[in-house]
Amino acid sequence: MIKFFRHIRKRLLSENKFSKYLLYAVGEIVLVVIGILIALGINDWNENRKNETIIKNNTVLLIESLVADSIYIVNRKIAIQKDLAVVSAIKKRATMPNVKIDTLIIIARDEYTAGVSGVNFANQTTFNTMMVSGEINLYDKELIQEIYGIYNDQEFTTLLWDSSFQRYTEALRDYRRRYTFNGQANMVTKGPLFHKIWDTIDEVDFIVKFNHMAGSKILVYNQTGGGMDKVQKRIDELLPKLRKILAYD
């Protein structure tokens, strides 16, 4: 093909047909430009198909991660509400008008559970991979902001948990230096010596430390519970939009 055009160009020049040669040259340039545009169009088409495949694959994985997070939040909330109900019942008994110190001692010694339900969002692999590869930028700007919003809220909720749990741990440690729990690893767990521990306590010190400890536990749940609610709401809003990309809707 190149030899063919070269032959025409040479013949026009030898016949001194400059105007026809100029017209031919313009035509050749147009053909080259058209060829370049076609090549670019094909390249863009291939690139768009490639990007669409990446988006769909990432969307499938992202949906799976968010659904797993949603299930995790539901299970955590159930555990939190169950423990909060126990602590709330203790609070109600401890604040009755006729409550005595013996009642609070029985609650603290035999009924109170020191453990708390933790928060750990462990389904962030897809999001982190998209961040590192830059593939998250293939989504629409509005969708990108919503995705960021979920994982930012997850991080913030985890930070809230860490901070409030640390305060609870400090209150728990302060309490345990002097007082015990049911099932705690102690050598003396019953009998005269065990009761002597509680017969000689500073009642005001005991009340203050137990109140601080139990109150810190409630704070852990209220703060992290609110954070999880916010994450859940964002997930519920984003999932239909992601499914629409896959034509699920």
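Every chain is numbered independently, its residues counted from 1 as its sequence is written. Where local features are concerned, this predicted model is filtered to residues with pLDDT of at least 70; where side-chain atom pairs are given and counted, the filter is 80 or more; whole-chain, interface and lining totals use all residues. As a rule here, side-chain values cover all heavy atoms of the structure and leave hydrogens and water aside.

Asker: Lay out the pattern of salt bridges in plain terms, naming residues and giving numbers.
Answerer: A side-chain nitrogen of Lys or Arg and a carboxyl oxygen of Asp or Glu constitute a salt bridge if their distance falls within 4 Å. Counted according to the given criterion, the structure contains nine salt bridges. Of the charged contacts in the structure, one is a salt bridge between Asp229 and Lys77, with a shortest N-O distance of 3.0 Å. Of this pair, Asp229 sits in helix 7 (residues 203-245) while Lys77 sits in helix 2 (residues 18-94), and the two are 152 residues apart along the sequence. Here Arg234 and Asp153 are joined by a salt bridge, their closest N and O atoms 2.4 Å apart. Of this pair, Arg234 sits in helix 7 while Asp153 sits in helix 5 (residues 141-176); the two residues are 81 residues apart in sequence, bridging distant segments of the chain. Only protein chains enter the accessibility calculation, which uses a 1.4 Å probe; a residue whose area is less than 20% of its type maximum is buried, one above 50% is exposed, and one in between is partly exposed. Taking the relative accessible area as the measure of exposure, Arg234 reaches 30% and is therefore partly exposed. Residue Asp153 is classed as buried on the basis of its relative accessible area, which comes to 10%. A single network of salt bridges, built from pairs that share partners, joins Asp174, Arg177, Asp205 and Lys209. Helix and strand labels come from DSSP, where a helix needs a run of H or I of at least four residues and a strand needs a run of E of at least two; each type is numbered from the N terminus.

Asker: Any chance you could break down the side chain of Thr224 for me, citing the residues and the numbers?
Answerer: Following the sequence through the fold, Thr224 ends up in helix 7. Look at Thr224 and you get buried, because its relative accessible area is 0%. Excluding anything up to four places from it in sequence, Thr224 contacts Ile80, Val119, Thr157, Leu160, Trp161 and Ser164. Contacts between residues were defined by any pair of non-hydrogen atoms, one from each residue, lying within 4.5 Å.

Asker: Summarise the packing of helix 5 against helix 7; cite the residues concerned and give the values.
Answerer: Packing of helix 5 against helix 7 brings their axes to within 9 Å, and their N-to-C directions diverge by 165°. One element, helix 5, and the other, helix 7, form an angle in the roughly antiparallel class. The crossing of helix 5 and helix 7 is left-handed. When residue character is reported, Ala, Val, Leu, Ile, Met, Phe, Trp, Tyr, Cys and Pro are called nonpolar, Asp, Glu, Lys and Arg charged, and the others, Gly included, polar. By residue class, the composition of the contact of helix 5 with helix 7 is 21 nonpolar, nine polar and 11 charged. Here the axes come from fitting lines to C-alpha atoms, over the contacting stretch only for helices, and the angles between their N-to-C directions go from 0 to 180 degrees. The labels follow the angle: roughly parallel below 35 degrees, roughly antiparallel above 145, roughly perpendicular from 65 to 115, and oblique for the rest. Two helices that cross are described as forming a left-handed crossing if the nearer one is turned anticlockwise from the farther one by less than a right angle, and a right-handed crossing if clockwise.

Asker: Run through the packing of aromatic side chains, naming residues and quoting values.
Answerer: The rule is short: rings of Phe, Tyr and Trp, with Trp giving its six-membered ring, pair when the centres are within 6.5 Å, and they are stacked under 30 degrees, edge-to-face over 60, tilted in between. Summed over all chains, the structure comprises 10 aromatic pairs. Aromatic side chains Tyr72 and Phe121 sit 5.8 Å apart centroid to centroid with 65° between the ring planes, which places their arrangement in the edge-to-face category. In this pair, Tyr72 sits in helix 2 while Phe121 sits in the loop between helix 3 (101-111) and helix 4 (125-133), placing the two residues 49 residues apart along the sequence. For Tyr72, a relative accessible area of 21% gives the class partly exposed. Seen in terms of ring centroids, Tyr179 and Phe206 are 5.3 Å apart; in terms of plane orientation they differ by 65°. Their pairing is edge-to-face. One end of the pair, Tyr179, is in the loop between helix 5 and helix 6 (192-199); the other, Phe206, is in helix 7, and 27 residues separate them in sequence. Look at Phe206 and you get buried, because its relative accessible area is 0%. Linked through ring pairs, Tyr112, Tyr175, Tyr179, Phe206 and Phe210 together constitute an aromatic cluster. Sitting above the plane of the Tyr112 ring, Lys217 keeps its charged end 4.9 Å from the centroid. A ring is scored as having a charge over it whenever the NZ atom of a lysine or the CZ atom of an arginine sits within 6 Å of its centre and within 35 degrees of its normal.

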